[in-house]
Protein chains: 2
Amino acid sequence: MTTMSQLKFDVTMSLDGYVAGPNNARDNPLGDNAERLHEWIFGLSSWRAAQGLEGGDRNRDAELVEEHLTNPGAVIMGRGMFDGNDGPWGDEKWNGHWGDEPPYHRPVFVLTHHAREPLTLGDTTFTFVTDGVESALEQARAAAGDRDVALGGGADVAQQYLRAGLLDEIRLHLSPRLLGGGRRLFEHLGDPLPELEIIEAIESGLVTHIRYRVVR
Amino acid sequence: MTTMSQLKFDVTMSLDGYVAGPNNARDNPLGDNAERLHEWIFGLSSWRAAQGLEGGDRNRDAELVEEHLTNPGAVIMGRGMFDGNDGPWGDEKWNGHWGDEPPYHRPVFVLTHHAREPLTLGDTTFTFVTDGVESALEQARAAAGDRDVALGGGADVAQQYLRAGLLDEIRLHLSPRLLGGGRRLFEHLGDPLPELEIIEAIESGLVTHIRYRVVR
């Protein structure tokens, strides 16, 4: 049996529902307090390896991050995640938050309202998609072959894919932290609301991993 | 070593953060869609036994509900949970949502702005507390002896206890359901925000149980 490539969204959410803090901007891409939200990841061996660092904790958390970093054949993200900014690209085009060697190492499709030629940095090529979420998914699937496509975020793009019925799985990393403000993930989800089922929950000390299947 | 009686809040929350649906009222105490939120509990043997019914599933979920139903020595709830209404009691006083034999079988302390004599129904006595959350907790602790005190809800009372630094543990039952509106649990929590730590997470098919220690 061939399993079709799925669109999966890996996301860390605060206990009060935020996936980014307030005041996000180009120089503050995940908003205030984002480090508190993501602190569970920084000490993991797989995360450190992706940044070119040695050492770190080798545990179930590290395995889950490793899967997320290596399994997908392509990535989709919103302009906000690439840029933290919106509007026309201007003369000095922003090349993302990741320097000359972005940690993706696979095709990335960036949803934007503003056309732009593809951008190659290291072994990552960013393709800018202006004709919507379905087109981005088609292009990402074509690039990924039979591998999964990772939805990188942010909340707005995830909501668009949920409303369109195109998201297959949410891999939630639920932090015990409270942010008190920022961008919520589970809002603006349309009517009828999506139906989710639990696939599995994995206990961990710093975060709780819960995989949800999007049923419809 | 004696472990001091703790204040614990057992609560089912939707994935989008709601503990009650919209339009809650006396004849709709948990708001619209509340049955969808709590459906994980209705088939459990321990829950059914508390309603005087036989049968039901005997599993880890049922054990957790059994603990919640039997361990506490006293219960605190808000007027909204007792009543779904607010304001003066009036001539025909409301006696709660539970009929002549409320399922508590232990002292219940109801936070309200409107004084009222204690009410005994079956083996449950409701004491109405008008002088605030600390007083209610003192009275509940005195009644509970060395057993824990259960915070019954709703969201507003839980937020008051969190802000006052008086809540020791949250036993969250995270449903995969989305409600799209209603009463959020984790908001209005003051500044600085409470700090939570994971005690344990327990996988289950219909809900994910996560116990949090409130650190401060």
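The structure we're discussing is the one just above.
So, here is what we can say about the structure in this document. Keep in mind that what you see is a predicted model, and the values were worked out from it rather than measured.

## Notes on the overall build of chain A
Right, on to step 1. Assigned secondary structure in chain A consists of 6 helices and 11 strands.
Right, on to step 2. Against the 2.2 N^0.38 benchmark of 17 Å for 216 residues, chain A shows a C-alpha radius of gyration of 17 Å, consistent with a compact globule.
Right, on to step 3. Dimensions of chain A, computed from C-alpha atoms along their principal axes, come out at roughly 45 × 40 × 40 Å.
Right, on to step 4. Every one of the 216 residues in chain A was classed for burial, and the buried ones make up 48%.
Right, on to step 5. Here chain A displays about 10,100 Å² of accessible surface, and carbon together with sulfur accounts for 46% of that area.
Right, on to step 6. Of the side chains in chain A, 20 bear a positive and 34 a negative charge, and the two mean positions are spaced by 2 Å.

## Brief notes about the sheet that holds strand E7 (residues 149-153) of chain B
All names here are of chain B.
Right, on to step 1. Spatially, the 9 strands line up as an open sheet ordered E5-E6-E4-E3-E7-E1-E8-E11-E10, and their pairing is mixed. One side of each edge strand has no neighbouring strand; the edge strands of this open sheet are strand E5 (119-121) and strand E10 (196-202). Averaged over all pairs of adjacent strands, the angle between their axes in this sheet comes to 25 degrees, without regard to strand direction.
Right, on to step 2. Sheet topology note: the strand E1 (residues 7-13)/E7 ladder contains 3 bridges and is parallel. Across the sheet, the residue bridging to Phe9 is Leu151, located in E7.

## Observations concerning the sheet that holds strand E3 (residues 74-78) of chain A
Residues and elements named next belong to chain A.
Right, on to step 1. With mixed pairing, 9 strands are arranged side by side in an open sheet as E5-E6-E4-E3-E7-E1-E8-E11-E10. The outermost strands of the open sheet, each flanked by one partner alone, are strand E5 (119-121) and strand E10 (196-202). Strand after strand, the sheet turns through a mean of 25 degrees between neighbouring axes, direction not considered.
Right, on to step 2. Two strands pair when backbone bridges link them, and strand E1 (residues 7-13) and strand E8 (residues 169-174) are joined in this way by 6 bridges, in the parallel orientation. Among the inter-strand pairings, Met13 is bridged to a residue of E8, identified as Leu174.
Right, on to step 3. Across the sheet, helix H1 (residues 34-42) lies against E1, E8 and strand E11 (208-214), angled at about 115 degrees from E1, the strand it touches most.

## Quick notes on the relation of the copies chain B and chain A
Right, on to step 1. The transformation that overlays chain B on chain A combines an axial shift of 0.0 Å with a rotation of 180 degrees, and the residual RMSD is 0.0 Å. Put plainly, the chains are arranged around a two-fold axis. Every residue of chain B has its C-alpha some distance from the rotation axis, and the shortest such distance is that of Gly17 of chain B, at 3.3 Å.
Right, on to step 2. When the interface residues of chain B are mapped onto chain A, 100% of them are again interface residues, pointing to one common binding face.

## What about the interface of chain B and chain A?
Right, on to step 1. The interface is formed by 31 residues belonging to chain B together with 31 residues belonging to chain A.
Right, on to step 2. Roughly 2,400 Å² is buried in total at the junction of chain B and chain A, and carbon and sulfur atoms are behind 61% of that figure.
Right, on to step 3. Scanning the region where chain B abuts chain A turns up 4 salt bridges.
Right, on to step 4. In this structure, the salt-bridge partner of Glu195 of chain B is Arg177 of chain A, at a minimum N-O distance of 2.8 Å.
Right, on to step 5. Along the contact surface separating chain B from chain A lie 6 residue pairs in polar contact (both at pLDDT 80 or more).

## Considerations on the pattern of salt bridges
Right, on to step 1. In the structure shown here, the tally under the stated rule is 33 salt bridges over all chains.
Right, on to step 2. A salt bridge links Arg36 of chain A to Glu195 of chain B, with the shortest nitrogen-to-oxygen separation between them at 3.2 Å. With one member in each of two chains, Arg36 of chain A in helix H1 and Glu195 of chain B in the loop between strand E9 (183-184) and E10 form a pair that bridges those chains.
Right, on to step 3. Judged by its relative accessible area of 28%, Arg36 of chain A falls in the partly exposed class.
Right, on to step 4. The residue Asp86 of chain A makes a salt bridge to Arg79 of chain A at a minimum N-O spacing of 3.9 Å.
Right, on to step 5. Residue Asp86 of chain A is classed as exposed on the basis of its relative accessible area of 53%.
Right, on to step 6. One connected set of salt bridges, linked through shared partners, spans Lys8, Arg60, Glu63, Glu67, Asp148, Glu169, Arg171, Glu200 and Arg211 of chain B.

What counts, and where the lines are drawn
- Residues numbered from 1 in each chain as written.
- Chains lettered and ligands numbered in written order.
- Predicted model: local features only at pLDDT ≥ 70, side-chain atom pairs only at ≥ 80, totals over all residues.
- Heavy atoms only, no water.
- Helix = DSSP H or I, 4+ residues; strand = E, 2+ residues; numbered from the N terminus.
- Rg over C-alpha atoms; globule rule 2.2 N^0.38 Å.
- Buried < 20%, exposed > 50% of the residue type's maximum accessible area, 1.4 Å probe, protein only.
- Areas by Shrake-Rupley, 256 points an atom, 1.4 Å probe, with all protein chains shown as cover.
- Lys, Arg positive; Asp, Glu negative; His and termini not counted.
- Charge placed at Lys NZ, Arg CZ, Asp CG, Glu CD.
- Pairing = 2+ DSSP bridges.
- Axes fitted to C-alpha atoms, helices over the stretch in contact; angles between N-to-C directions.
- Contact = heavy atoms within 4.5 Å.
- Least-squares fit on C-alpha atoms with pLDDT ≥ 70 in both.
- Buried area = accessible area lost by both parts, 1.4 Å probe.
- Salt bridge = Lys/Arg side-chain N within 4 Å of Asp/Glu carboxyl O.
- Polar contact = N/O pair within 3.5 Å; in protein donor to acceptor, adjacent residues only side chain to side chain.

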